[in-house]
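Single-letter residue listing:
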Number of protein chains: 2
Amino acid sequence: MTRKIAIIVASGTGSRMGGDIPKQFLPLKGRPVLVHTLEKFLAISGCEIILALSAEGLAYWEPIAREYLPADAPITLVTGGETRFHSVKNALAAIDAGDALVAIHDGVRPFVSLNILLNAFVAAESFGAAVACVDSKDSVRVTEGAGNRAVDRRTVKLIQTPQTFRLSVLRTAFEVPYSEHFTDDASVVEHSGQAIHLIEGSYSNIKITTPEDLALGEIFLGQTAF
Amino acid sequence: MTRKIAIIVASGTGSRMGGDIPKQFLPLKGRPVLVHTLEKFLAISGCEIILALSAEGLAYWEPIAREYLPADAPITLVTGGETRFHSVKNALAAIDAGDALVAIHDGVRPFVSLNILLNAFVAAESFGAAVACVDSKDSVRVTEGAGNRAVDRRTVKLIQTPQTFRLSVLRTAFEVPYSEHFTDDASVVEHSGQAIHLIEGSYSNIKITTPEDLALGEIFLGQTAF
């Protein structure tokens with residue numbers, strides 16, 4: 001079975017939450033958001049984790065790791081860069097040679113299901129690049145100059161993480177210079193010529209970016225065994 | 001000042017909530033979702049309401065109206081049709097001649113702010129068609145045949161209600177036969193050749209379609225004066 005690696009991007013700051021603590025460290029049912037996320041990957045047999053933290057985040061991380069995670073958890077820390085692209089690039093530099101499947105996942109998406117993660121690894125092995133998404137529940141319009149036009153909602157996919165790739169695909173893709181069009185990992189990989197395979201994500205696989213998201217997260221945790 | 005009319009579309013069934021009660025009649029902090037929505041429009045001086053209900057919904061409506069709304073509330077009932085298009089068409093048939101601005105709004109979007117509603121009427125008066133939207137927080141891909149491609153997230157607008165129009169624009173637009181491409185009112189109006197002006201909606205202006213949405217709604221109501 002191919003080696004499995006998760007790159008967890010958790011180098012964001014807390015500004016959108018209106019507080020000083022970056023959102024990945026805020027408590028969700030008594031445990032930091034990031035711990036919930038990491039536990040999803042720790043549940044996958046043999047999965048190694050590379051965690052990208054900002055220098056500021058490192059100070060939060062140390063006591064959290066001591067309190068909530070086993071001392072032998074297979075987690076390697078790397079310094080997050082200025083953008084997500086740079087963080088992933090740093091994480092890739094920390095992976096030694098050889099074949100692997102790499103799932104890149106937001107540290108603030110703790111509600112991803114094990115099923116989605118396993119599907120992502122399987123699809124990445126087959127297709128080279130597998131990205132979780134959901135359909136838009138809303139009608140969608142696209143702006144064009146000063147105007148805008150309706151697009152067929154059935155063709156619109158809202159992109160989540162995990163975004164999972166064969167390591168070789170990812171290494172090739174991240175050799176390019178940074179561009180502001182790289183809004184996610186799939187856009188970098190697509191730029192290298194690799195087709196992106198879409199897999200089904202979940203409406204509960206939310207990104208925690210506001211206090212309301214945290215409150216919604218508490219509801220999710222109250223309702224379902226995660 | 002131009003006459004203001006709201007068409008509230010509340011003819012949906014409860015199937016997505018997993019219950020028997022259509023979601024617009026479910027309680028939110030002790031009052032039905034639809035009552036919260038109607039109160040937003042009743043707060044606008046002189047605004048008349050046309051409420052589209054299914055035949056099933058009418059049975060729920062009568063006791064709700066008696067309990068929660070003033071007897072002289074300016075609400076006219078019409079029967080909802082098979083689709084949103086048909087419901088709006090029935091509502092338009094209930095409006096007498098003359099000039100007016102018409103805001104079409106989902107019965108299950110109770111968190112719309114008064115500010116958005118007033119902006120919508122003002123913009124519809126200037127532009128003929130004004131539609132509330134928010135930016136996508138997620139990266140977006142569009143499927144094309146078997147593949148898909150990234151689209152610039154900054155050009156993608158997720159559409160909400162109110163969708164507000166000059167009555168004459170709406171009447172002309174709804175004279176066409178129904179098409180399955182009409183996913184919202186703006187798509188019908190755009191089909192008639194009218195340009196759509198976008199106005200800023202709000203991330204809290206959610207459509208209540210799942211039990212999680214209802215729980216999130218309770219959080220919103222606990223935090224802010226709506």
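This text goes with the structure placed above it.
Residues numbered from 1 in each chain as written. Chains lettered and ligands numbered in written order. Predicted model: local features only at pLDDT ≥ 70, side-chain atom pairs only at ≥ 80, totals over all residues. Heavy atoms only, no water.

Colleague: I'd like a description of unusual backbone geometry, backed by residues and values.
Modeller: Residues and elements named next belong to chain A. Following Thr161, the chain continues into Pro162 via a peptide bond in cis, with omega recorded as 10°. Residue position: Pro162 is located in strand β10 (residues 156–166). Positive phi values are uncommon outside glycine, yet Lys29 reaches one of about 50°. (Helix = DSSP H or I, 4+ residues; strand = E, 2+ residues; numbered from the N terminus.)

Colleague: Could you give an account of the interface of chain A and chain B, naming the residues involved and the relevant values?
Modeller: It is common to report an interface's size as the accessible area lost on association of the parts. At the interface, 37 residues of chain A touch 37 residues of chain B. For the pair chain A and chain B, the summed buried area comes to about 3100 Å², and 51% of that belongs to carbon and sulfur atoms. Of all residues in chain A, Ser139, Arg141 and Glu212 of chain A give up the largest surface area on contact with chain B, accounting jointly for 20% of the area buried on that side. Taken together, chain A and chain B are joined by 4 salt bridges. Residue assignment for the side of chain A that touches chain B shows that the elements contributing at least two residues are β8 (140–144), β9 (147–151), β10, α6 (185–191) and α7 (211–223) of chain A. Here the side of chain A that touches chain B takes 6 residues from α7 of chain A, the largest share from any one element. Here the side of chain A that touches chain B is built from residues that sort into 13 nonpolar, 11 polar and 13 charged. As judged from the 3 bridges shared by β8 of chain A and strand β10 (residues 156–166) of chain B, these two strands associate in the antiparallel manner. Counted as the bridge partner of Arg141 of chain A is Lys157 of chain B from β10 of chain B. (Contact = heavy atoms within 4.5 Å. Buried area = accessible area lost by both parts, 1.4 Å probe. Salt bridge = Lys/Arg side-chain N within 4 Å of Asp/Glu carboxyl O. Nonpolar A, V, L, I, M, F, W, Y, C, P; charged D, E, K, R; others polar. Pairing = 2+ DSSP bridges.)

Colleague: Describe in detail helix α3 (residues 84–93) of chain B, supporting the description with residues and values.
Modeller: Structural remark: α-helix, 3.6 residues per turn; residues separated by three or four positions point the same way. Residues and elements named next belong to chain B. Every buried residue of α3 is listed here: Phe85, Ser87, Val88, Ala91 and Leu92. Angularly, the buried residues of α3 cover 165° about the axis, an arc narrow enough to put them on a single face. For α3, the elements touching its buried residues are β1 (4–10), β4 (48–53), β5 (75–79), β6 (101–106), α5 (167–173) and α6 (185–191). Looking at where α3 begins, the residue whose side-chain oxygen comes 3.2 Å from the main-chain nitrogen of Phe85 is Thr83. (Buried < 20%, exposed > 50% of the residue type's maximum accessible area, 1.4 Å probe, protein only. Arc of directions from axis to C-beta. Polar contact = N/O pair within 3.5 Å; in protein donor to acceptor, adjacent residues only side chain to side chain.)

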